[in-house]
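Report on the structure
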Amino acid sequence: MKKIIQSILVLLVFTFIACQPDTDTDPQPKTVQKKEGYAEKPKNIILMVGDGMGLPQITAGMYMNKNKLNLERMAYIGLSKTHAADNLVTDSAAGATAFACGIKTYNGAIGVDVQKKPVKTILELAEDNGMKTGLVAACVIQHATPASFAAHVDSRHKYEEITESMLNTPVDIMIGGGQKHFDERVDKRNLLDSLRKSGYQVIDSTQKWQNMDFTSEKVAVFTASVQPKPFSQGRKYLKKAANRSIEFLNKENEKGFFLMIEGSQIDWGGHANNIDYVVSEMKEFDDIVGEVIDFVEKDKETLLIITADHETGGLAINPKSMMNQKIEPGWTTDYHTATMVPVFALGPGAKDFKGIYENTAIFDKMKKLYGF
Ligand code: MG
Ligand code: ZN
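Just so we're clear, the structure is a prediction, and the values are computed from it rather than from any experiment. (Residues numbered from 1 in each chain as written. Chains lettered and ligands numbered in written order. Predicted model: local features only at pLDDT ≥ 70, side-chain atom pairs only at ≥ 80, totals over all residues. Heavy atoms only, no water.)

1. Some remarks on helix 12 (residues 360-370)
Within helix 12, eight of the 11 residues are buried, leaving the element largely enclosed by the surrounding structure. Listed in full, the buried residues belonging to helix 12 are Thr-360, Ala-361, Ile-362, Phe-363, Lys-365, Met-366, Leu-369 and Tyr-370. Gly-371 sits one or two positions beyond helix 12 and adopts a positive phi of about 85 degrees. (Buried < 20%, exposed > 50% of the residue type's maximum accessible area, 1.4 Å probe, protein only. Helix = DSSP H or I, 4+ residues; strand = E, 2+ residues; numbered from the N terminus.)

2. With respect to the environment of His-143
Mapped onto the elements of the fold, His-143 is located in the loop between strand 3 (132-140) and helix 5 (144-150). Note on His-143: relative accessible area 10%, which makes it buried. In this structure the C-alpha to C-alpha distance between His-143 and Lys-158, which are 15 residues apart in sequence, comes to 9.8 Å. When near neighbours in sequence (up to four residues on either side) are disregarded, His-143 contacts Arg-156, Tyr-159, Gln-227 and Trp-268. (Contact = heavy atoms within 4.5 Å.)

3. Focus on the state of the cysteines
Following the criterion strictly, the structure yields zero disulfides and no others. In this structure Cys-101 is a free cysteine whose sulfur lies 17 Å from that of Cys-139, the closest cysteine sulfur available. In this structure Cys-139 comes out as buried when scored by relative accessible area, which is 0%. (Disulfide = S-S within 2.5 Å.)

4. Here's the deal with the nonpolar core
Core analysis: the biggest nonpolar cluster contains 103 residues, and Ile-46, Met-48, Phe-149, Phe-258 and Ile-306 have the highest contact counts within it. Looking at which element gives the most residues to this core, the answer is helix 11 (residues 275-299), with 11 residues. Not counting chain neighbours up to four residues away, the residues in contact with Ile-306 comprise Met-48, Met-53, Leu-71, Met-74, Phe-285, Val-289, Pro-342, Val-343 and Phe-344. (Core = buried A, V, L, I, M, F, W, Y, C linked by side-chain atoms within 4.5 Å.)

5. Digging into the packing of helix 9 (residues 237-250) against helix 11
Following both chains from N to C, one finds helix 9 and helix 11 inclined at 20 degrees, their axes separated by 9 Å at the closest point. Classed by the angle they form, the pair helix 9 and helix 11 counts as roughly parallel. Both helix 9 and helix 11 take part in a crossing whose hand is right-handed. When helix 9 is examined against helix 11, the residues Leu-238, Lys-239, Ala-242, Asn-243, Ile-246 and Asn-250 are found in contact with a partner set consisting of Glu-284, Asp-287, Ile-288, Glu-291, Val-292, Phe-295 and Asp-299. Looking at the contact of helix 9 with helix 11 residue by residue, the class counts come to six nonpolar, two polar and five charged. (Axes fitted to C-alpha atoms, helices over the stretch in contact; angles between N-to-C directions. Parallel < 35°, antiparallel > 145°, perpendicular 65-115°, else oblique. Left-handed = near helix turned anticlockwise from the far one by under 90°. Nonpolar A, V, L, I, M, F, W, Y, C, P; charged D, E, K, R; others polar.)

6. A few points about the environment of Met-260
By the element assignment, Met-260 lies in strand 7 (residues 257-263). With 139 residues separating them along the chain, Met-260 and Thr-121 place their C-alpha atoms 12 Å apart.

Structure, rendered in structure tokens:
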């Protein structure tokens, strides 16, 4: 009898332990991905870039968000060395070209090497392999980060040339600002018509696109004529854009997709040395991270990589900072810094992103995991 009671007690204790829910303070990293049923190799890759999102920006967002971020749900973490070919401090063009093409290049280069020769991007390789592709940004779609995946131009400042170059890459869905570089050009051409001729549904910046049906094989959504506003001033589209792009790319798609989503303006908060700007952009980005993780955890065939091109502002979180109330910032520059930035990964192949490596290795790892 005593033995039976003992066994029941042991069983009860085990059941109790096993049924404990994951709490916010759970120190266990989610590194048991196989048990969670992820595929061996990714069919899809989503690369999320927080422009200028170094550790201080992430930390500031976290402490101003009740000490919690969705980024904490990412299973594997690494560090990336961000330097450019010609400068220890990279800009966003060389930084994005490193992810897109796997090369170190000069600051300002959009998808070209140090000799200014075009280099095929991961997005173009995905297209070549019959996959679908997408670019989503909180800035003009010709801006350095998105452009480096779909254009080859020797300078980030040549917006009109970048726009033309992007027309040669059949990105399946593009969402961002920058309509005027298509239809209010110095050369007077209307490249929105060129988009339509090559099969795009074009939704211009005056249309309320968020609940519109996507009716073509390819979609270009312009969210602004020029630059979209900061999040705090009413730009709310990025989350919807991310969700709708994933839905669009994943629908009836056997071959898989590549999608880049950029939180573009974390960087601009850094350039402005404006901590409130950094924090609001960071929180918006992390909110979207949460939704993308929900998709990845359900889908099981999508690898999610989240990283930054560089840190911006040389931000320090100084004494007098208070949880949820204020960050007392210290800035060392209104430009970028050369500090390493974190790389977070979740899903099939995520463990490859542990460790310390060059930013160009992110391209190499993606290429290898796709099997190109
Ligand atoms: Mg950018
Ligand atoms: Zn910048």
